Amino acid sequence: MPKNYLLIYAEQLATDIELLCQNIKAPSNTLFQIRKSSSSVYANIREANYGQSRADMLSKFEIALKECSETEGWLQLLFNTKSITEATYKNS
């Protein structure tokens, strides 16, 4: 079976964000929201692989894309509030 790189990258994103959240000081709501959005990327890509129809699969991928954007926004907020360094922000 070929590797599903999209799923691998989504899992790595969720893992990296979880580890980041465990190691920084930031408001609990911000940490909750970024964990939620990044893990949603992973969950929706996994679900898309078993979509009930092509439309269902595409819908899951579109949700994952929106959650990627949200995760990016939370990372920007963490950087703006100096909860993470520029290097961490750029590597995320």
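Anyway, here's the lowdown on the structure attached to this text. Note that the coordinates shown come from a computational prediction; the quantities given were computed from them, not determined experimentally. (Residues numbered from 1 in each chain as written. Predicted model: local features only at pLDDT ≥ 70, side-chain atom pairs only at ≥ 80, totals over all residues. Heavy atoms only, no water.)

### Details of the packing of helix α2 (residues 28–48) against helix α3 (residues 54–80)
Logical step 1: Their axes nearest at 8 Å, the elements α2 and α3 cross at an angle of 155°. With respect to α3, the element α2 is oriented roughly antiparallel. The interaxial crossing formed by α2 with α3 has left-handed handedness.
Logical step 2: The residue makeup of the contact of α2 with α3, split by class, is 13 nonpolar, 7 polar and 4 charged. (Axes fitted to C-alpha atoms, helices over the stretch in contact; angles between N-to-C directions. Helix = DSSP H or I, 4+ residues; strand = E, 2+ residues; numbered from the N terminus. Parallel < 35°, antiparallel > 145°, perpendicular 65-115°, else oblique. Left-handed = near helix turned anticlockwise from the far one by under 90°. Nonpolar A, V, L, I, M, F, W, Y, C, P; charged D, E, K, R; others polar.)

### Side note on the nonpolar core
Logical step 1: One finds I17, L20, C21, I24, L31, I34, W74, L75, L78 and I84 forming the largest nonpolar core, which totals 10 residues.
Logical step 2: When residues of this core are traced back to their parent elements, those giving at least two are α1 (5–22), α2 and α3.
Logical step 3: Formed by 5 residues, the second largest nonpolar core is a distinct cluster that contains L7, A10, V41 and I45. (Core = buried A, V, L, I, M, F, W, Y, C linked by side-chain atoms within 4.5 Å. Buried < 20%, exposed > 50% of the residue type's maximum accessible area, 1.4 Å probe, protein only.)

### Here we look at the packing of aromatic side chains
Logical step 1: According to the stated counting rule, one finds 2 aromatic pairs in the structure shown.
Logical step 2: A ring pair is formed by Y5 and Y9, whose centres lie 6.2 Å apart and whose planes are at 35°; its orientation type is tilted. Here Y5 pairs with Y9, and both are found in helix α1, just 4 residues apart, close to one helical turn.
Logical step 3: Residue classification places Y9 among the exposed residues on the basis of a relative accessible area of 55%. (Phe/Tyr/Trp six-rings, centres within 6.5 Å; stacked < 30°, edge-to-face > 60°.)

### Examining α3
Logical step 1: With 27 residues, α3 ought to run about 39 Å at 1.5 Å a step, and its terminal C-alpha atoms sit 39 Å apart, in line with that.
Logical step 2: Within α3 the residues assigned to the buried category are K60, A64, E67, T71, W74, L75 and L78.
Logical step 3: Contact partners of the buried residues in α3: α1, α2 and α4 (86–91). (Expected span 1.5 Å × (residues − 1). Contact = heavy atoms within 4.5 Å.)

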